[in-house]
Amino acid sequence: MAHIPATSLGNKNKKHFLGVPAPLGYVAGVGRGATGFTTRSDIGPARDANDVSDDRHAPPAAKRKKKEEEEEDDEDLNDSNYDEFSGYSGSLFSKDPYDKDDAEADAIYESIDKRMDEKRKEYREKRLKEDLERYRQERPKIQQQFSDLKRNLIAVSEEEWANLPEVGDSRNKKQRNPRAEKFTPLPDSVLSRNLGGESTTAIDGRSGLASMIPGVATPGMLTPSGDLDLRKIGQARNTLMNVKLSQVSDSVTGQTVVDPKGYLTDLQSMIPTYGGDINDIKKARMLLKSVRETNPYHPPAWIASARLEEVTGKLQMARNLIMRGCEQNPQSEDLWLEAARLQPPDTAKGVIAQAARRIPTSVRIWIKAADLETEPKAKRRVFRKALEHIPNSVRLWKAAVEMENPEDAKILLSRAVECCGTSVELWLALARLETYENARKVLNKAREKIPTDRQIWTTAAKLEEANGNIHMVEKIIDRALSSLTANGVEINRDQWLQEAIEAEKSGAIRCCQAIVRAVIAIGIDEEDRKQTWIDDAENCAKEGAYECARAVYGYALSEFPSKKSIWLRAAYFEKNHGTRESLEALLQKAVAHCPQSEVLWLMGAKSKWLAGDVPAARGILSLAFQANPNSEDIWLAAVKLESENAEYERARRLLAKARASAPTPRVMMKSAKLEWALNDLEEALSLLEDAVRVFPDYAKLWMMKGQIEEQKNLLERAAESYNAGLKKCPNSIPLWLLLAALEEKRNLLTKARSVLERGRLKNAKNPLLWLAAIRIEIRAGMKDMAHTLMARAIQDCPNAGELWAEAIFLEPRPQRKTKSVDALKKCEHDPHVLLAVSKLFWSERKLQKCRDWFNRTIKIDPDFGDAWAYFYKFEQQHGTEQQQNELMERCIAAEPKHGEEWCKVSKDIANWCFKTEDVLKAVIRNLPTPI
């Protein structure tokens, strides 16, 4: 057998892979099913690859390498290698000399760098801060992720903290602590055993039950007796509980009172009502304390401190503070009044009584004392006590008198005027309570005591008027003025006029008239008298003092009897605020002084006619004829009076006389109109032919001639009449409109357009001609042409309300509101635009808004008949009967005369006898409802 060396055997047993590097992707144990695992030390902290590096988890070799690099950098960046100009890295030009140019250049570059740095500094810092915040939001640390949960731990109570389990596995706690004591609850039958009627109240100390009661039996210790008494244990427990309650409870008077039901209510009442910052309260409290300590005799500081505590809910502290203030300042009535306010009613009486003792001359304190009393008898007692200390206080006397009945009040006032002889109010109050004779005596005494007051004199005048001595009123007022002037009192005209207004409101008509007549001329220049008196009368009328205004007009007319303007103003005043009798009496005086004033004659005749006294109206007009023989207005008024009363023959005779004596265009027109109304067309045409020869430049004659010919269906002659009229009156817009309407009626649309175009050339910027052209296109179905014309018209007449009103409804329904806004911007106060907006609201069924806008329209222009008609139709559909009647009365009072739809009815010769009410009802029959 061959011998094998030992070394050879060892090499044979050695594995071939030992000492050889592991192949790529090799994991130990994979072949036998094991899986590899990694720890945090293998992969480093849980951070992103782009996260800020953290060297705490770097391997030691990396740490050493980084440290060496830092040391090398430090060696390069130490102070020995630093140069002031070239820095740490050296300079390319270190060998060249450094001269002044280099220094200047460096200074400039440095200033530029500094400037650029300052410009970008704020932006750079803001950008850095935003990047940092964004980075923290995108990659928060673990402790930041749990910060909200940590914040919620403040709500955990101590008991919950104590109940938290210890760190570790609670399942193995028993195995870890085998010596822990075990307690097993025993049934109640063991504690209260009743076997065979026996009961026991003691526990044997040797039994296991003694250890169940803490403090009774302790293991390892001997008890004095073997048995324990359960009753004594219960009594001891109750005693201990009572002691603890006594210690915890608050005792003020030596007794302990616990109200469990009212406890929460008391807590609620302690919550302060002040909602401001608590720091502000503390600052204010400190400041006020400093003021009080610096100057304790300054009452406002104490009052402010008390009110601060009151606002914060500390009422008792406020009361204590204010009482301390009263002790420091016993003569301050403000402090005492504040103290009484803060105290409850019962305590407040004591406080105010103390204040009255300290300051017996304070009226306010006595008034407060009376206010605190609830019984009238007690109030009287307080006031009388106060008057003993302050007999010259008018306020106390007045308050005391108000508490008494008339008889006692009279006695009190008699004493009051003795103590307060200069008080006008007390004298006047006493005079009102006395009889007539005694009141005269009282007022005479008052005049002696107070010779400079006008109220005593005016009261005396009112007293005489109330007792029927009318003749004494004016004497007293005259004596008043002379007496006051003698005593050096300046007569203020405005104050006396105001006194007259007050006298009228109190029913003393003669007194107010006497005052006006006495003072109206005082202090006015000669040339200003007329205008000043007219202004005075208007101001009196505005305040509702119509008798004063009437007295002013009467005095002015006595000074200026021939001034027609004053007579007219007085007549209009009587028409608006007086009676028919007063108006007619005034007009009789007016025509006597101003017989040449036709308006006054006509007003008198109309008043008689409206009252139904036609013969009296004729009489007035006949007198007017005598005073004004060739007056056109009086002739026409007489004609109207006769025609309105169906006296057509008398009207014809009057017109014939008028044509003979005063052949004016209006007389000729009224003559033709009467014949036209009576359907005598041939006579009317004959009159108009004569009239246009004599008065060719009066457009209404041409219009009437053409309309009558249209009515007779003589369209060619009517067109000739209109054209002839336009040659003489090219500026008459109604003539152009009538001719265009006639051509349209003859189906000559091109000719109608031509007429309106010629009219616009003759009368530039006229909205009515533009409107007629637009409506012709609409009626012809040419809406596009109508829109084009509307745009040109608004450009030519940007402030024409008629065009804007038409433009609103020319638009499609959705665009109408926008158009109305544009119209209101251009024509805010135009009645046509306001009416269009009202109709727009009506079409949208916004009824209240529609009613408001209708009211707005008729307020701006009461003469606009179309607005009244649409408004009345609206009320008929959506209003009550009362609203309809009120609107009708308002319309009759306004007597509208203009408006497109209104004039179509009122100017129609068939309706020549229509009153306002009839016209209104006829107009609404033809009005369409807005859609």
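All residue numbers here refer to positions counted from 1 along the written sequence of the relevant chain. Where totals are concerned, whole chains, interfaces and linings use all residues; where local detail is concerned, this predicted model gives features only for residues with pLDDT of at least 70, and gives and counts side-chain atom pairs only at 80 or more. As a convention, hydrogens and water are excluded, and side-chain values are obtained from all of the structure's heavy atoms.

1. As for the overall build of the chain
- Strands here are runs of E lasting at least two residues and helices are runs of H or I lasting at least four, both read from the DSSP assignment and numbered beginning at the N terminus. When its secondary structure is counted, the chain shows 50 helices and 2 strands.
- When burial is assessed residue by residue, the chain has 34% of its 931 residues classed as buried.
- Should any heavy atoms of two residues lie within 4.5 Å, those residues are considered in contact. Expressed as a percentage of contacts within the chain between residues at least 6 apart in sequence, the contacts between residues at least 24 apart total 50%.
- Surface accessibility in these figures is a Shrake-Rupley result with a 1.4 Å probe; residues are shielded only by whichever protein chains are displayed. Split by element, the accessible area of the chain, about 60,400 Å² in all, is 52% carbon and sulfur. The classification of residues rests on relative accessible area computed with a 1.4 Å probe and restricted to protein chains. Under 20% of the type maximum is buried, over 50% is exposed, and intermediate values are partly exposed.

2. Examining a positive patch on the surface
- Together, Lys 575, Lys 606, Lys 640, Lys 670, Lys 673, Lys 700 and Lys 907 make up a region of like positive charge exposed at the surface.
- Within the secondary structure, Lys 670 sits in helix H35 (residues 665–677).
- Of the residues examined, Lys 670 reaches a relative accessible area of 31% and is grouped as partly exposed. What goes into a patch is any residue over 30% in relative accessible area without a salt bridge, connected to like charges within 9 Å or, for nonpolar side chains (Val, Leu, Ile, Met, Phe, Trp, Tyr), within 5 Å. Counted as salt bridges are all cases of a side-chain nitrogen of Lys or Arg within 4 Å of a carboxyl oxygen of Asp or Glu. Positive charges are assigned to Lys and Arg, negative charges to Asp and Glu, while His and the chain termini are left out of the count. Charge positions come from single atoms, namely NZ of Lys, CZ of Arg, CG of Asp or CD of Glu.

3. Quick notes on the packing of aromatic side chains
- The rule is short: rings of Phe, Tyr and Trp, with Trp giving its six-membered ring, pair when the centres are within 6.5 Å, and they are stacked under 30 degrees, edge-to-face over 60, tilted in between. As enumerated under the stated definition, the model contains 9 aromatic pairs in all.
- Between Trp 533 and Phe 560 the ring centres are 6.0 Å apart and the planes differ by 55 degrees, which places this aromatic pair in the tilted class. On the criterion of sequence distance, the pair formed by Trp 533 in helix H27 (residues 529–542) and Phe 560 in the loop between helix H28 (546–559) and helix H29 (564–577) is long-range, its members being 27 residues apart. Of the two residues, Trp 533 and Phe 560, both sit in the buried class.
- On the numbers, 6.3 Å between centres and 75 degrees between planes, the contact of Trp 842 with Phe 854 is edge-to-face.

4. Here's the deal with the state of the cysteines
- Disulfide: a pair of cysteine sulfur atoms within 2.5 Å of each other. Applying the stated criterion to the full structure yields 0 disulfides.
- Just so you know, Cys 511 is unpaired, no disulfide at all, and the nearest cysteine sulfur is the one on Cys 512, 7.2 Å from it.
- Looking at Cys 511, the relative accessible area reads 0%, which means it is buried.
- Of all cysteine sulfurs, the one in Cys 548 lies closest to Cys 540, which takes part in no disulfide; the gap is 5.1 Å.

5. A word on the nonpolar core
- In these notes, a set of buried Ala, Val, Leu, Ile, Met, Phe, Trp, Tyr and Cys residues joined through side-chain atoms within 4.5 Å is what counts as a nonpolar core. Residues Ile 365, Leu 396, Trp 496, Val 516, Trp 533, Cys 548 and Leu 600 are the most contacted members of the largest nonpolar core, which totals 128 residues.
- Here the element with the most residues in this core is H28; it accounts for 8 residues.
- In this view, Val 516 contacts Leu 497, Ala 500, Cys 548, Ala 551 and Val 552; residues no more than four positions away in its chain are not counted.
- Core analysis: the next-biggest nonpolar cluster, separate from the first, contains 86 residues, Leu 688, Ile 708, Cys 729 and Trp 804 among them.

6. Focus on the packing of H27 against H29
- H29 packs onto H27 with a crossing angle of 5 degrees between their chain directions and a minimal axis gap of 12 Å. As judged from the angle between their axes, H27 and H29 are roughly parallel. Contacts between H27 and H29 pair Lys 530, Ile 534, Glu 538 and Ala 541 from the former with Ser 565, Ile 566, Arg 569 and Phe 573 from the latter.
- Among the residues making up the contact of H27 with H29, the classes are represented as 4 nonpolar, 1 polar and 3 charged. To define axes, lines are fitted to C-alpha atoms, for helices over the stretch in contact only, and angles between the resulting N-to-C directions are given on a 0 to 180 degree scale. Any angle that falls under 35 degrees is termed roughly parallel, while one over 145 is termed roughly antiparallel, one within 65 to 115 roughly perpendicular, and all others oblique. Side-chain classes are defined by residue name, with Ala, Val, Leu, Ile, Met, Phe, Trp, Tyr, Cys and Pro counting as nonpolar, Asp, Glu, Lys and Arg as charged, and the others, Gly among them, as polar.

7. Let's talk about a nonpolar patch on the surface
- Together, Ile 108, Tyr 109, Ile 112 and Met 116 give the surface a local cluster of nonpolar side chains, amounting to about 420 Å² of exposed area.
- Checked against the element boundaries, Tyr 109 lands in helix H4 (residues 100–138).

8. Points about empty space enclosed by the protein
- The pocket and cavity definitions rest on a 1 Å grid over protein atoms only: a 1.4 Å probe that fits but cannot leave marks a cavity, an open set with protein on both sides within 12 Å along at least five of seven lines marks a pocket, and residues lining either have an atom within 4 Å of a point. Grid points are joined across faces, edges and corners, and a volume is the space filled by probe spheres set on the points. For the structure on display, the rule yields 1 cavity of 30 Å³ or more.
- Considering only enclosed or pocket space, the largest cavity measures out at about 30 Å³ in volume.
- If you go around the largest cavity, the residues you meet are Arg 380, Phe 383, Arg 384, Leu 387, Ala 400, Glu 404 and Leu 412.
- A per-element tally of the lining of the largest cavity places helix H18 (residues 376–389) first, with 4 residues.
- Across the lining of the largest cavity, the residue classes tally to 4 nonpolar, no polar and 3 charged.

9. As for the environment of Gln 596
- Along the chain, the position of Gln 596 falls in the loop between helix H30 (580–593) and helix H31 (598–610).
- Sequence separation between Gln 596 and Ala 624 is 28 residues; the distance between their C-alpha atoms is 8.4 Å.
- Apart from residues lying up to four places away in sequence, Gln 596 is in contact with Ala 627 and Asn 628.

10. Regarding the environment of Tyr 555
- Inspection of the secondary structure assignment puts Tyr 555 in helix H28.
- Aside from chain neighbours lying at most four places away, what touches Tyr 555 is Arg 517, Ile 520, Ala 521 and Trp 533.

11. Observations regarding the environment of Val 837
- Turning to its location among the elements, Val 837 is positioned in helix H45 (residues 831–843).
- On the accessibility criterion, Val 837 (4% relative accessible area) is buried.
- Between the C-alpha atom of Val 837 and that of Leu 824, which follows or precedes it by 13 residues, the distance is 8.8 Å.
- Other than its neighbours up to four places away in sequence, Val 837 contacts Ser 820, Leu 824 and Trp 853.

12. Quick look at helix H39 (residues 733–745)
- Multiplying one less than the number of residues by 1.5 Å gives the expected span of a helix. For H39, spanning 13 residues, the distance from its first C-alpha to its last is 18 Å, which sits close to the expected 18 Å at 1.5 Å a residue.
- Along H39, the residues that are buried comprise Ile 733, Leu 735, Trp 736, Leu 739, Ala 740, Leu 742, Glu 743 and Glu 744.
- At its buried positions, H39 is contacted by helix H37 (699–711), helix H38 (715–728), helix H40 (749–762) and helix H41 (767–779).
- Two residues or fewer past H39, Asn 747 is found with a positive phi of approximately 65 degrees.

13. Points about the side chain of Glu 710
- By the element assignment, Glu 710 lies in helix H37.
- The term polar contact refers here to a pair of N or O atoms within 3.5 Å; inside protein, the definition further demands a hydrogen-donor-capable atom paired with an acceptor-capable atom, and it admits residues adjacent in sequence only when both atoms are side-chain atoms. Among the polar contacts listed, one links the side chain of Glu 710 to the side chain of Tyr 722, at a separation of 2.8 Å.
- In contact with Glu 710, not counting residues within four places along its chain, are Leu 715, Ala 718, Tyr 722, Leu 742 and Lys 745.

14. Structural notes on the confidence of the model for the chain
- Values of pLDDT, which run from 0 to 100, indicate the predictor's confidence residue by residue. Considering every residue of the chain, the mean pLDDT works out to 78; 80% of them sit at 70 or more.
- In this model residues 194–226 is a low-confidence stretch, pLDDT under 50, and it forms 34 contacts with partners more than four residues away in sequence or in other chains.

15. Things to note about the packing of helix H47 (residues 865–878) against helix H48 (residues 881–894)
- Direction vectors running N to C along H47 and H48 enclose 165 degrees, while the axes themselves pass 9 Å from each other. Relative to H48, H47 is oriented roughly antiparallel. Our pair here, H47 against H48, has a crossing hand that is left-handed. Together, Trp 868, Phe 871, Tyr 872, Glu 875 and Gln 876 of H47 and Gln 883, Gln 884, Leu 887, Met 888, Arg 890, Cys 891 and Ala 894 of H48 make up the contact between the two elements.
- Per-class residue counts for the contact of H47 with H48 are 7 nonpolar, 3 polar and 2 charged. Helix crossings are classified by the rotation of the near helix relative to the far one: an anticlockwise turn of less than a right angle makes the crossing left-handed, while a clockwise turn makes it right-handed.

16. Points about unusual backbone geometry
- Its identity as a non-glycine residue notwithstanding, Asn 713 has a phi of 65 degrees, on the positive side.
- Inspection of the secondary structure puts Asn 713 in the loop between H37 and H38.
- When its relative accessible area of 57% is taken as the criterion, Asn 713 is described as exposed.

17. Digging into H18
- For H18, spanning 14 residues, the distance from its first C-alpha to its last is 20 Å, which sits close to the expected 20 Å at 1.5 Å a residue.
- Tucked inside the fold, the buried residues of H18 contact helix H17 (363–372) and helix H19 (394–402).

18. Details of the side chain of Glu 584
- By secondary structure assignment, the location of Glu 584 is in helix H30.
- Within the structure, Glu 584 has its side chain in polar contact with the side chain of Arg 580 (distance 2.9 Å).
- Every residue in contact with Glu 584, bar those within four places of it in the chain, is listed here: Ser 607 and Lys 608.

19. Things to note about the pattern of salt bridges
- Applying the stated criterion across every chain yields a total of 42 salt bridges.
- As a salt-bridge pair, Arg 285 and Glu 309 come within 2.8 Å of each other at their nearest N and O atoms. Taken together, the positions of Arg 285 in helix H12 (residues 278–294) and Glu 309 in helix H13 (residues 299–311) put the pair 24 residues apart, joining distant regions of the chain.
- Among the ionic pairs, Arg 779 bridges to Glu 744, the shortest N-O distance being 2.9 Å. Residue Arg 779 is found in helix H41, and its partner Glu 744 is found in helix H39; the two are separated by 35 residues along the sequence.
- Three or more residues are tied together by salt bridges with common partners; here these are Arg 307, Glu 310, Glu 338 and Arg 341.

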